[in-house]
Amino acid sequence: MTSGGDAPGMNAAIRAVIRTSVGKGWEAFGVRNGFAGLVGGTFTPMGSRDVSEIMQRGGTILGSARAPQFAEENVRRQALHHLAANGIEALVVIGGNGSQTGAHALSAMGFPVVGIASTIDNDLYGSDVTLGVDTALNIALEAIDRLKVTASSHQRAFLVEVMGRDCGYLALMAGIAGGAEAIVIPEVDVHPDKIAEEVRAAHDRGKPHVLIVVAEGARCSGEALKEYMIENRSRVGFQFRLTILGHVQRGGTPTFADRMLGTRLGAAAVEQIAKGNTGILTGLQGGQISTTPLSEVVVRKKPLDMSLLELAGVLAV
Ligand code: F6P
């Protein structure tokens, strides 16, 4: 089952789950549209040929959904009923924080569940990197590189707002690799005045353009920053434009890294089920496959490496 926001690499994970299961002589099913399909009992038998030629496709062939109703126990009981009625003995949930919370709730009711760390936000505890992040970052970088060309040609400043919900990871990484002059993230509260000072300083150092990456969850949104900079046009020295990347970051063709990660995590999830090790999340830690209890995943927060924000500041001179 895939759940929550789609992430490039989900199809590689589905393919690996199905083929590793088939290889063990098990019967495999796909759940349609996340927890909604689980509650509705929408299961499709899937074999090796059903997952041919899907690895290179973005999104998820199973469909996905956000399903807040899964927080209710009677709704989860309905899902358990359908699983039992179809003779299904274990479930793999490919998704991020909300999805792994649902997975944990089901596991706590006694059903064997294994999670696969998947979200472009990279905000899930239990995996250094989650499925979809690499592709999303590469899409953001392509946009940043293009915007810099126009910024330079017109001696302008550009604000680029990237996704990430409450987490600044995408903005921080895209900002560093895209050579941004400033990065605004939810983890650090910054007044627009301070950004304006940095923009002015960049102008006075002779920079032909300025690029600022803003995380969508930052206290000061891309829109608010744009308004502030326009109001302070003469002080900051640059004309400002804002580009909000939004869902453009989610639907791309998965990169090599995401295809590999999906493949490794998909196979690992099935191996854990075979060992009877369930109620866990499969992820990647220190380059190796890791498992973390879902009970820990749902309560702990993955910290952002703040030294990288300092590095971004050092390199922006
Ligand atoms: O969690 C992935 C994500 O793309 C976030 O970065 C973003 O805030 C959210 O999903 C958007 O959700 P939706 O697709 O439901 O609008």
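Heads up: the structure comes first, above all this text.
Residues numbered from 1 in each chain as written. Predicted model: local features only at pLDDT ≥ 70, side-chain atom pairs only at ≥ 80, totals over all residues. Heavy atoms only, no water.

What follows concerns the overall build of the chain. In terms of regular secondary structure, the chain is built from 12 helices and 10 strands. Whereas a compact globule of 317 residues would reach a radius of gyration of roughly 20 Å, the chain reaches 22 Å, a difference of no more than 12%. Taken along the three principal axes of its C-alpha coordinates, the chain extends 70 × 35 × 35 Å. Considering the chain as a whole, with its 317 residues, one finds that 52% of them fall into the buried category. (Helix = DSSP H or I, 4+ residues; strand = E, 2+ residues; numbered from the N terminus. Rg over C-alpha atoms; globule rule 2.2 N^0.38 Å. Buried < 20%, exposed > 50% of the residue type's maximum accessible area, 1.4 Å probe, protein only.)

Ile14, Ile94, Ile116, Val162, Leu170 and Leu211 are the most contacted members of the largest nonpolar core, which has 51 residues in total. Tallying contributions element by element places helix H5 (residues 133-154) first for this core, with 8 residues. When residues of this core are assigned to domains, at least three map to each of domain 1 (10-132 + 254-297) and domain 2 (134-250). Ignoring sequence-local partners within four residues, the contact set of Ile94 consists of Met1, Thr2, Ser3, Met10, Ala13, Ile14, Gln100, Ile116, Ser118 and Leu131. (Core = buried A, V, L, I, M, F, W, Y, C linked by side-chain atoms within 4.5 Å. Domains from an automatic or database assignment. Contact = heavy atoms within 4.5 Å.)

Per the stated rule, a full pass over the model turns up 11 salt bridges. The closest approach of N and O atoms between Glu181 and Lys207, which form a salt bridge, is 2.7 Å. With Glu181 in the loop between helix H6 (169-177) and strand S6 (182-184) and Lys207 in the loop between helix H7 (192-204) and strand S7 (210-215), this pair connects stretches of sequence that are 26 residues apart. A relative accessible area of 12% means that Glu181 is categorised as buried. (Salt bridge = Lys/Arg side-chain N within 4 Å of Asp/Glu carboxyl O.)

Near the ligand the following residues occur: Arg66, Ile120, Asp121, Met163, Gly164, Arg165, Glu216, His247 and Arg250. In the model, an oxygen atom of the ligand is placed 2.8 Å from a nitrogen or oxygen of the Arg66 side chain. A distance of 3.0 Å is found between an oxygen atom of the ligand and a backbone nitrogen or oxygen belonging to Gly164. If the ligand stood free it would expose 400 Å²; the protein chains cover 75% of that surface. (Near = heavy atom within 4 Å. Polar contact = N/O pair within 3.5 Å; in protein donor to acceptor, adjacent residues only side chain to side chain. Areas by Shrake-Rupley, 256 points an atom, 1.4 Å probe, with all protein chains shown as cover.)

The packing of two helices is summarised by the inter-axis angle and the distance between the axes. Following both chains from N to C, one finds helix H1 (residues 10-23) and helix H10 (residues 256-275) inclined at 35°, their axes separated by 7 Å at the closest point. Every pair of crossing elements has a handedness; the one defined by H1 and H10 is right-handed. Contact with H1, carried on its side by Ala12, Ala13, Ala16, Val17, Thr20 and Ser21, involves Arg259, Gly262, Thr263, Gly266, Ala267, Val270 and Glu271 of H10 and no other residues of that element. When its residues are assigned to classes, the contact of H1 with H10 shows 6 nonpolar, 5 polar and 2 charged. (Axes fitted to C-alpha atoms, helices over the stretch in contact; angles between N-to-C directions. Left-handed = near helix turned anticlockwise from the far one by under 90°. Nonpolar A, V, L, I, M, F, W, Y, C, P; charged D, E, K, R; others polar.)

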